[in-house]
Amino acid sequence: AAIGKAIGSSITEGSNLQQSIGGIETLFKDSASKVEEYASKAFQTTGMSANTYMENVTGFSASLLQGMGGDTSKAADVANTAMTDMSDNANKMGTSIDSITYAYQGFAKQNYTMLDNLKLGYGGSAEEMARLVNDTKVMGDGVEYTAKTVKDVPFDKIIEAIHSAQTELGITGTTAKEASTTFSGSFSTMKASWQDF
């Protein structure tokens, strides 16, 4: 029974992985291999399997690519930053990764009501997202955004602002650190690695 269950779950995982790779290849074209490379290391950097990583990236990539003028290589790097930041936030702040995933997918659609899910000291509103963008200066000095104009901030800059705030709070890099120093972190890494296998 155990062998049958293992075979069944491996077929399901393999099928899901094929679908994820298809989505990545469609969106990222020539840079798909770069995303796949990041995904292959996701069990260490984010505590996720390669498949979960690619499913999440696919969820917000269209907005990301649109805001970056179709630069697939740079978008792959920014998507990886977002995925790592999401995982770091979940590990450090104790928020469920699902809540954080929904928040990022909302940001990609200019919906900032779940910004407070990240627990960075900003409320869930367009006004608070504008404050985060202004505080981190990702759009340059002397540029001030409001609740009305924050929709003009490209998604990659929203990701950069969150990354900057998390670095300032000492959140960045916690997933990789926990993977090597804590039991639960090691277990998550092992579980994701097993799913990849």
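Described below are features of the structure shown in this document. Being a predicted model, the structure only gives us computed values, none of them experimental.

Calculation criteria
Residues numbered from 1 in each chain as written. Predicted model: local features only at pLDDT ≥ 70, side-chain atom pairs only at ≥ 80, totals over all residues. Heavy atoms only, no water. Salt bridge = Lys/Arg side-chain N within 4 Å of Asp/Glu carboxyl O. Buried < 20%, exposed > 50% of the residue type's maximum accessible area, 1.4 Å probe, protein only. Axes fitted to C-alpha atoms, helices over the stretch in contact; angles between N-to-C directions. Helix = DSSP H or I, 4+ residues; strand = E, 2+ residues; numbered from the N terminus. Parallel < 35°, antiparallel > 145°, perpendicular 65-115°, else oblique. Left-handed = near helix turned anticlockwise from the far one by under 90°. Contact = heavy atoms within 4.5 Å.

1. Quick notes on the pattern of salt bridges
- Across all of its chains, the model carries five salt bridges by this definition.
- For lysine 41, the salt bridge identified is with glutamate 37, shortest N-O distance 3.2 Å.
- Owing to a relative accessible area of 40%, lysine 41 belongs among the partly exposed residues under this scheme.
- What makes glutamate 37 partly exposed here is its relative accessible area of 42%.
- Sharing partners across several salt bridges, the network here consists of Glu128, Arg131 and Asp135.

2. Focus on the packing of helix H2 (residues 32-40) against helix H5 (residues 72-93)
- Here H2 crosses H5 at 20°, and the two axes come no closer than 9 Å. The pairing of H2 with H5 is recorded here as roughly parallel in orientation. The two elements H2 and H5 cross, and the hand of that crossing is right-handed. Packed against H2, whose contacting residues are Lys34, Val35 and Tyr38, the element H5 presents Ser73, Ala76, Asp77 and Asn80 at the interface.

3. Quick look at the environment of asparagine 16
- Here asparagine 16 is to be found in helix H1 (residues 2-28).
- A residue is classified by how much of its surface remains accessible, and asparagine 16, at 25% relative accessible area, is partly exposed.
- When the C-alpha positions of asparagine 16 and threonine 52 are compared, they lie 9.1 Å apart, and in sequence the two are 36 residues distant.

4. Observations concerning unusual backbone geometry
- Backbone geometry places lysine 119, a non-glycine residue, at a positive phi of 55°.
- Here lysine 119 shows up in the loop between helix H6 (97-108) and helix H7 (126-136).
- Of note in this structure, lysine 137 is not a glycine but carries a positive phi near 55°.
- Structurally, lysine 137 can be placed in the loop between H7 and helix H8 (155-168).

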